[in-house]
Amino acid sequence: MMLCGVMLARNESWCLRASIDASLRWVDKLVVLNHASTDATRAIAATAANGTGRVVIEDWIDGEFWSEMDARQRSLEIAREHGATHVAIIDADEILCHQNLDKVRPWFESLKPGECLDVPMVAPWKSLDVYSPHTQAALTLGFRDAPHLAWKPRGSEQYHHHCRPPHGSGEHIQRGTRGGAFHLQYAAWKRFTTKHAWYLLTERIRWPQYTVQELNEKYHWWERSPHGTDLTAVPPEWWGDYKRGDIALESPSWHEVECRRLWEKHGEAAFAGLDLFGWRA
């Protein structure tokens, strides 16, 4: 098995050292697709590449809007160029829980071509110390590759967001009962809300067929869910010896700049009625 991680990264210096360090403990090689970063993202990835010889960096620049499916597909192509038989999907703000380090490769090895591996998502809430055990989401950690698998935009509108498994993937195999992988987006709360404001602004312009009501319901879904309730301490073994000090929850987000750009370009009237989590230009 050649297990290659694919990671999309844009201005991720707030967490990238920690996520790369954790990833290199269980993948054979890591592809970092550096998307127009203006912070230390590329330098951090380059340091890991020079130190391990197991990180591949490619710079990615798209047009006015984020073409996520095209970027994910390019990362898959690079992984294949490096001989990947299995692919781990690792966004820059995701870290496999430490107690799974000795289990994860056997989980991948057991997959059949096209099958995906899912683990429980742990969503630390407004800090790295607590999480909501009622968060029931599963995180697709990766898949065993097959020639027909690909990421591509969906539907006639060529929708690019929120499709984690590649097109054509098969059964999702569940592994683990608690403590699968950390998804840090809820831990950095200001970053989280600004990112979702950016999604709202972007989709209102890019896909105008979606109504304001539909968009508000789509991006405020977590308010109708058990996220953030009955908070429980994260067990110490889930973090293990990971470098939590390399995660800067309060650092500013690039989404703030992009929100302002869209607001100034298209004007306030274009976004009337959107609930932007308190964000304003």
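The preceding data block contains the structure.
Residues numbered from 1 in each chain as written. Predicted model: local features only at pLDDT ≥ 70, side-chain atom pairs only at ≥ 80, totals over all residues. Heavy atoms only, no water.

A.B. asks: I'd like a rundown of helix α1 (residues 16-23), residues and numbers included.
C.D. replies: Burial of α1 is extensive: six of the eight residues sit out of reach of the surface. Of all the residues in α1, the buried ones are L16, A18, S19, I20, A22 and S23. Buried-residue contacts for α1 involve β1 (3-9), β2 (29-35), α2 (41-52) and β5 (94-96). (Buried < 20%, exposed > 50% of the residue type's maximum accessible area, 1.4 Å probe, protein only. Helix = DSSP H or I, 4+ residues; strand = E, 2+ residues; numbered from the N terminus. Contact = heavy atoms within 4.5 Å.)

A.B. asks: I'd like to hear about unusual backbone geometry, residue by residue, with values.
C.D. replies: Here the phi dihedral of Q158 falls at roughly 55 degrees; this positive angle occurs in a residue that is not glycine. Positioned with a positive phi, F277 is a non-glycine residue whose angle comes to about 60 degrees. Position of F277 relative to the elements: it lies in the segment after α8 (254-266).

A.B. asks: So what's going on with the packing of aromatic side chains? Residues and values would help.
C.D. replies: Within this structure, the stated rule accounts for 15 aromatic pairs. Taking 5.2 Å as the distance between ring centres and 50 degrees as the angle between the ring planes, the aromatic pair formed by Y131 and W238 counts as tilted. Linking Y131 in strand β7 (residues 130-131) with W238 in helix α7 (residues 236-239), this pair joins segments that are 107 residues apart in sequence. For the pair Y131 and W238, a shared accessibility class is recorded, and that class is buried. Taking the centre distance of 4.0 Å and the plane angle of 10 degrees together, the rings of F182 and W239 count as stacked. Of the two residues, F182 sits in strand β10 (residues 181-183) while W239 sits in helix α7, which places them 57 residues apart along the sequence. Residues F182 and W239 agree in their burial class; the two are buried. (Phe/Tyr/Trp six-rings, centres within 6.5 Å; stacked < 30°, edge-to-face > 60°.)

A.B. asks: Could you give an account of the pattern of salt bridges, with specific residues and numbers?
C.D. replies: Two side chains of opposite charge can pair, provided their charged atoms sit close to one another. One pass over the structure, following the stated rule, counts 18 salt bridges. Among the ionic pairs, R25 bridges to D241, the shortest N-O distance being 2.6 Å. Of the two residues, R25 sits in the loop between α1 and β2 while D241 sits in the loop between α7 and α8, which places them 216 residues apart along the sequence. Close ionic contact of E58 with R74 constitutes a salt bridge, the shortest N to O distance being 2.8 Å. (Salt bridge = Lys/Arg side-chain N within 4 Å of Asp/Glu carboxyl O.)

A.B. asks: Got a sec to walk through the packing of helix α5 (residues 189-206) against helix α6 (residues 212-219)? Specific residues and values, please.
C.D. replies: Orientation of α5 relative to α6, taken along the N-to-C sense of each, is 155 degrees, at an axis distance of 10 Å. Viewed along their axes, α5 and α6 adopt a mutual orientation that is roughly antiparallel. The handedness of the crossing between α5 and α6 is right-handed. Residues H196, Y199, L200, E203 and R204 of α5 lie in contact with α6, whose contacting residues are V212, L215, N216, K218 and Y219. Along the lines of polarity and charge, the residues of the contact of α5 with α6 split into five nonpolar, two polar and three charged. (Axes fitted to C-alpha atoms, helices over the stretch in contact; angles between N-to-C directions. Parallel < 35°, antiparallel > 145°, perpendicular 65-115°, else oblique. Left-handed = near helix turned anticlockwise from the far one by under 90°. Nonpolar A, V, L, I, M, F, W, Y, C, P; charged D, E, K, R; others polar.)

A.B. asks: Give a detailed account of the layout of surface pockets, specifying residues and quantitative values.
C.D. replies: Of the volumes computed, that of the largest pocket is approximately 990 Å³. Lining of the largest pocket is provided by 39 residues; of these, D91, H183, Q185, K195 and Y199 occupy positions nearest its centre. Every element with two or more residues in the lining of the largest pocket is listed here: β1, α3 (68-81), β8 (138-144), α5, α6 and α8. With six residues, α5 is the largest single contributor of residues to the lining of the largest pocket. Across the lining of the largest pocket, the residue classes break down as 19 nonpolar, nine polar and 11 charged. (1 Å grid on protein atoms, 1.4 Å probe; cavity = no way out; pocket = protein on both sides within 12 Å on 5 of 7 lines; lining within 4 Å. Points joined across faces, edges and corners; volume = space filled by probe spheres on them.)

A.B. asks: Give me the lowdown on the environment of G51, citing residues and values where you can.
C.D. replies: Along the chain, G51 falls in helix α2. In this structure G51 comes out as exposed when scored by relative accessible area, which is 63%. Taking the C-alpha atoms as reference, G51 lies 20 Å from I247; in sequence the two are 196 residues apart.

A.B. asks: Help me get a handle on the pairing of β2, residues and values and all.
C.D. replies: Within a regular strand, side chains alternate between the sheet's two faces. Of all the seven residues making up β2, seven are buried; the element is thus mostly covered by neighbouring parts of the structure. Of the two faces of β2, the one carrying K29, V31, L33 and H35 and the one carrying L30, V32 and N34 are both buried. Chirality of the crossover, the property in question, places the unit of β1, α1 and β2 among those that are right-handed. In the sheet, β2 pairs with strand β3 (residues 55-60) via six bridges, with the strands oriented parallel. Opposite V32, over in β3, you have I57 as the bridge partner. (Right-handed = clockwise from strand over helix to strand, strands pointing away. Pairing = 2+ DSSP bridges.)

A.B. asks: So what about the environment of E12? Which residues, and what values?
C.D. replies: Structurally, E12 can be placed in the loop between β1 and α1. Since its relative accessible area comes to 15%, E12 is described here as buried. On a C-alpha basis, the gap between E12 and W254 in space is 9.0 Å, while along the polypeptide they are 242 residues apart. Every residue in contact with E12, bar those within four places of it in the chain, is listed here: D39, T41 and A92.

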